[in-house]
Amino acid sequence: PPPAPQIHQLTFDLWHACATSMTSGIKPDPSLQSAFKDRVRPDVVFKPPTYHTKWEGRDEFMLLMECVSEVFGPSFKYHRQFLSPSGHDWTLEFSASIAGDGKCVVDGVDMVALDDDGKIKEFKVLARPPNAVGRLKDEMMKKVPPRLAVLKGKQMLGL
């Protein structure tokens with residue numbers, strides 16, 4: 001198949017650079033995060049494996065990516081990756097240890113949909129086994145609520 005359009009490839013490359021940076025354990029480069037955030041639609045829909053409801057919004061999406069990166073840390077690895085010929089759709093297979101203990105490993109896929117401008121419009125995560133997904137939810141619940149409260153407060157104040 002022909003290569004993905006350049007703008008879709010830019011988003012793909014920025015996602016990988018940002019994911020690698022965020023899971024490295026070192027504070028991510030703010031300019032890299034900003035460049036990636038610009039490739040995410042303000043109304044992005046995130047569908048996690050740990051909740052039945054979806055999350056909406058770019059700031060919420062970035063917050064969740066930051067939290068899950070901390071939970072997975074450097075154990076996070078992508079394996080097989082499939083991109084549609086148009087570059088609009090990606091499926092990225094991954095594995096990671098929950099909370100870095102090496103005892104509980106999650107396997108999953110990120111299913112990503114881009115709009116015509118190459119911005120992420122939907123990000124769906126499917127994961128297994130159930131015990132690892134449950135542990136992921138437990139670890140995320142330690143991180144997300146306090147940060148989400150701060151984010152919502154800032155949004156209410158227009159900051």
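Worth saying up front: this structure is predicted, and the values here are computed from it rather than measured. (Residues numbered from 1 in each chain as written. Predicted model: local features only at pLDDT ≥ 70, side-chain atom pairs only at ≥ 80, totals over all residues. Heavy atoms only, no water.)

Chemist: How would you explain the packing of aromatic side chains if you had to name every residue and give the values?
Modeler: Taken as a whole, this structure holds 12 aromatic pairs when the rule is applied. Taking the centre distance of 5.3 Å and the plane angle of 65° together, the rings of Trp 15 and Phe 123 count as edge-to-face. Highlighted residues: Trp 15 in helix α1 (residues 6-23) and Phe 123 in strand β6 (residues 120-128), separated in sequence by 108 residues. Taken individually, Trp 15 and Phe 123 each receive the classification buried, so the pair is uniform in this respect. A network of ring pairs unites the aromatic residues Trp 15, Phe 36, Phe 46, Phe 61 and Phe 123 as a single cluster. (Phe/Tyr/Trp six-rings, centres within 6.5 Å; stacked < 30°, edge-to-face > 60°. Helix = DSSP H or I, 4+ residues; strand = E, 2+ residues; numbered from the N terminus. Buried < 20%, exposed > 50% of the residue type's maximum accessible area, 1.4 Å probe, protein only.)

Chemist: How would you summarise the sheet that holds strand β5 (residues 105-114) if you had to cite specific residues and measurements?
Modeler: One key point about sheets: their strands pair by backbone hydrogen bonds, in either a parallel or an antiparallel sense. The strand order across the open sheet formed by six strands is β2-β1-β6-β5-β4-β3, and the pairing between neighbours is mixed. A strand with exactly one partner marks an edge of an open sheet, and here the two such strands are β2 (55-56) and β3 (77-83). Inspection of the sheet shows strand β1 (residues 40-47) paired to β6 by four bridges, in the parallel sense. Bridged to Val 45 within β6 is Glu 122. Packing of α1 onto the sheet brings it into contact with β3, β4 (89-97), β5 and β6, and relative to β4 it is tilted by some 5°. (Pairing = 2+ DSSP bridges. Contact = heavy atoms within 4.5 Å. Axes fitted to C-alpha atoms, helices over the stretch in contact; angles between N-to-C directions.)

Chemist: Any chance you could break down empty space enclosed by the protein for me, citing the residues and the numbers?
Modeler: In this structure the tally under the stated criterion is one cavity of 30 Å³ or more. Of the voids in this model, the largest cavity is the one considered here, and its volume is about 300 Å³. Along the wall of the largest cavity there are 23 residues; nearest its centre are Phe 46, Met 65, Val 68, Phe 72 and Val 125. Contributing elements (two or more residues each) for the lining of the largest cavity: α1, α3 (58-72), β6 and α4 (130-156). Take the lining of the largest cavity: its biggest share by element is five residues, from α3. (1 Å grid on protein atoms, 1.4 Å probe; cavity = no way out; pocket = protein on both sides within 12 Å on 5 of 7 lines; lining within 4 Å. Points joined across faces, edges and corners; volume = space filled by probe spheres on them.)

Chemist: Could you give an account of the layout of surface pockets, with specific residues and numbers?
Modeler: Volume-wise, the largest pocket comes out at about 330 Å³. What lines the largest pocket is Gln 33, Lys 37, Asp 59, Met 62, Leu 63, Glu 66, Arg 147, Val 150, Leu 151 and Lys 154. Listing elements by their share of the lining of the largest pocket, those giving two or more residues are α2 (30-37), α3 and α4. The volume enclosed by the second largest pocket comes to roughly 220 Å³. Surrounding the second largest pocket, Met 22, Thr 23, Gly 25, Ile 26, Lys 27, Pro 28, Gln 33, Glu 66, Ser 69, Glu 70, Gly 73 and Pro 74 form its lining. If you list the elements that add at least two residues to the lining of the second largest pocket, you get α1 and α3. Per element, the largest residue contribution to the lining of the second largest pocket is three residues, and it comes from α3. Class assignment of the residues belonging to the lining of the second largest pocket gives a composition of four nonpolar, five polar and three charged. (Nonpolar A, V, L, I, M, F, W, Y, C, P; charged D, E, K, R; others polar.)

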